[in-house]
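Notes for the structure review
Letter by letter, the chains look like this.
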Amino acid sequence: MSSLDSDDRTVLLFLGFFPLLNAWADFASVGLTRWRMRIGVQGNLVVNAVIDGVAAIAILVALALAIVATMHLVRDGEGGPLFDPASLLVDLRAQPDNYW
(Lines give C-alpha, C1' and ligand atoms only; values in the text may rest on other atoms or scores of the structure.)
Protein backbone atom coordinates (compact mmCIF):
# COMPACT_ATOMS: atom_id res chain seq x y z
CA MET A 1 0.00 0.00 0.00
CA SER A 2 2.99 2.29 0.27
CA SER A 3 3.01 2.60 -3.53
CA LEU A 4 -0.37 4.35 -3.53
CA ASP A 5 -0.28 8.03 -4.34
CA SER A 6 -2.48 10.59 -2.62
CA ASP A 7 -5.36 10.30 -5.09
CA ASP A 8 -5.44 6.50 -4.82
CA ARG A 9 -5.48 6.72 -1.04
CA THR A 10 -8.40 9.15 -1.19
CA VAL A 11 -10.33 6.80 -3.47
CA LEU A 12 -9.57 3.88 -1.15
CA LEU A 13 -10.95 5.77 1.85
CA PHE A 14 -14.00 7.34 0.22
CA LEU A 15 -14.99 4.35 -1.92
CA GLY A 16 -13.72 1.56 0.32
CA PHE A 17 -13.87 2.22 4.06
CA PHE A 18 -16.40 5.01 4.41
CA PRO A 19 -19.25 3.29 2.49
CA LEU A 20 -18.90 0.32 4.85
CA LEU A 21 -19.22 2.60 7.86
CA ASN A 22 -22.15 4.40 6.26
CA ALA A 23 -23.88 1.09 5.50
CA TRP A 24 -23.61 0.12 9.17
CA ALA A 25 -25.11 3.44 10.24
CA ASP A 26 -27.93 3.18 7.67
CA PHE A 27 -28.74 -0.37 8.77
CA ALA A 28 -28.83 0.65 12.43
CA SER A 29 -30.93 3.75 11.76
CA VAL A 30 -33.50 2.03 9.57
CA GLY A 31 -33.76 -0.96 11.88
CA LEU A 32 -34.22 1.22 14.95
CA THR A 33 -36.81 3.40 13.22
CA ARG A 34 -38.83 0.38 12.09
CA TRP A 35 -38.68 -1.12 15.57
CA ARG A 36 -39.76 2.15 17.24
CA MET A 37 -42.61 2.57 14.72
CA ARG A 38 -43.80 -0.96 15.44
CA ILE A 39 -43.85 -0.20 19.16
CA GLY A 40 -45.28 3.29 18.58
CA VAL A 41 -48.45 2.16 16.86
CA GLN A 42 -49.35 0.26 20.01
CA GLY A 43 -49.37 3.48 21.99
CA ASN A 44 -47.55 6.72 22.82
CA LEU A 45 -46.27 7.53 19.36
CA VAL A 46 -44.77 10.89 20.41
CA VAL A 47 -42.44 9.38 23.01
CA ASN A 48 -41.27 6.75 20.53
CA ALA A 49 -40.64 9.43 17.91
CA VAL A 50 -38.52 11.42 20.36
CA ILE A 51 -36.56 8.31 21.32
CA ASP A 52 -36.02 7.53 17.63
CA GLY A 53 -34.81 11.09 16.99
CA VAL A 54 -32.34 10.97 19.87
CA ALA A 55 -31.10 7.58 18.70
CA ALA A 56 -30.68 8.91 15.16
CA ILE A 57 -28.49 11.72 16.47
CA ALA A 58 -26.46 9.19 18.47
CA ILE A 59 -25.97 7.03 15.37
CA LEU A 60 -24.89 10.09 13.38
CA VAL A 61 -22.36 11.05 16.06
CA ALA A 62 -21.09 7.45 16.14
CA LEU A 63 -20.69 7.53 12.35
CA ALA A 64 -18.74 10.79 12.51
CA LEU A 65 -16.46 9.43 15.23
CA ALA A 66 -15.93 6.20 13.27
CA ILE A 67 -14.94 8.18 10.17
CA VAL A 68 -12.47 10.28 12.13
CA ALA A 69 -11.06 7.19 13.84
CA THR A 70 -10.71 5.42 10.49
CA MET A 71 -8.81 8.35 9.02
CA HIS A 72 -6.56 8.40 12.07
CA LEU A 73 -5.97 4.68 12.62
CA VAL A 74 -5.73 3.17 9.12
CA ARG A 75 -2.04 2.83 8.19
CA ASP A 76 -0.23 1.92 4.99
CA GLY A 77 2.27 -0.93 4.66
CA GLU A 78 5.11 1.17 6.08
CA GLY A 79 3.18 2.21 9.18
CA GLY A 80 2.51 5.77 8.06
CA PRO A 81 -0.95 7.30 7.96
CA LEU A 82 -2.97 6.38 4.89
CA PHE A 83 -4.42 9.85 4.71
CA ASP A 84 -3.43 13.11 6.38
CA PRO A 85 -6.56 15.06 7.39
CA ALA A 86 -4.54 18.13 8.43
CA SER A 87 -3.07 18.56 4.95
CA LEU A 88 -6.53 18.05 3.44
CA LEU A 89 -7.98 20.85 5.57
CA VAL A 90 -5.07 23.17 4.76
CA ASP A 91 -5.41 22.44 1.04
CA LEU A 92 -9.19 22.83 1.22
CA ARG A 93 -8.81 26.25 2.77
CA ALA A 94 -6.12 27.32 0.28
CA GLN A 95 -7.77 25.98 -2.90
CA PRO A 96 -11.48 25.33 -2.35
CA ASP A 97 -12.24 25.26 -6.08
CA ASN A 98 -10.23 22.03 -6.46
CA TYR A 99 -12.77 20.16 -4.31
CA TRP A 100 -15.94 20.86 -6.21
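See above for the structure.
Notes on the structure in this doc start here. Computed from a prediction, not measured in an experiment: that's the story for all the values here. (Residues numbered from 1 in each chain as written. Predicted model: local features only at pLDDT ≥ 70, side-chain atom pairs only at ≥ 80, totals over all residues. Heavy atoms only, no water.)

1. With respect to the overall build of the chain
Of regular secondary structure, the chain possesses 3 helices and 0 strands. Sequence-ordered secondary structure for the chain, helices as α and strands as β, is α-α-α. Compactness check: the chain gives a C-alpha radius of gyration of 19 Å against a globular reference of 13 Å for 100 residues, more than 25% above the reference. When its C-alpha atoms are laid out on the principal axes, the chain stretches across 55 × 30 × 20 Å. Surface accessibility of the chain: about 7,300 Å² in total, with carbon and sulfur atoms responsible for 68%. Considering the chain, the positive charge centre built from 6 side chains and the negative charge centre built from 10 side chains are found 17 Å apart. (Helix = DSSP H or I, 4+ residues; strand = E, 2+ residues; numbered from the N terminus. Rg over C-alpha atoms; globule rule 2.2 N^0.38 Å. Areas by Shrake-Rupley, 256 points an atom, 1.4 Å probe, with all protein chains shown as cover. Lys, Arg positive; Asp, Glu negative; His and termini not counted. Charge placed at Lys NZ, Arg CZ, Asp CG, Glu CD.)

2. A word on the packing of aromatic side chains
We describe a pair of aromatic rings using the distance from one ring centre to the other and the angle between the two ring planes. Counted by the stated rule, this structure contains 0 aromatic pairs. For Arg36, the ring lying beneath its charged end belongs to Trp35, and the centroid distance is 5.0 Å. (Phe/Tyr/Trp six-rings, centres within 6.5 Å; stacked < 30°, edge-to-face > 60°. Lys NZ or Arg CZ within 6 Å of the ring centre and 35° of its normal.)

3. Observations regarding the side chain of Asp52
If you trace the backbone, Asp52 turns up in helix α2 (residues 45-73). Despite being buried, Asp52 has no salt bridge partner; Arg36 is the closest side chain of opposite charge, sitting 6.4 Å away. A polar atom in the side chain of Asp52 sits 3.2 Å from the side chain of Thr33. Setting aside chain neighbours within four positions, we find Asp52 in contact with Leu32, Thr33 and Arg36. (Buried < 20%, exposed > 50% of the residue type's maximum accessible area, 1.4 Å probe, protein only. Salt bridge = Lys/Arg side-chain N within 4 Å of Asp/Glu carboxyl O. Polar contact = N/O pair within 3.5 Å; in protein donor to acceptor, adjacent residues only side chain to side chain. Contact = heavy atoms within 4.5 Å.)

The analysis is restricted to geometry; functional conclusions fall outside its scope.
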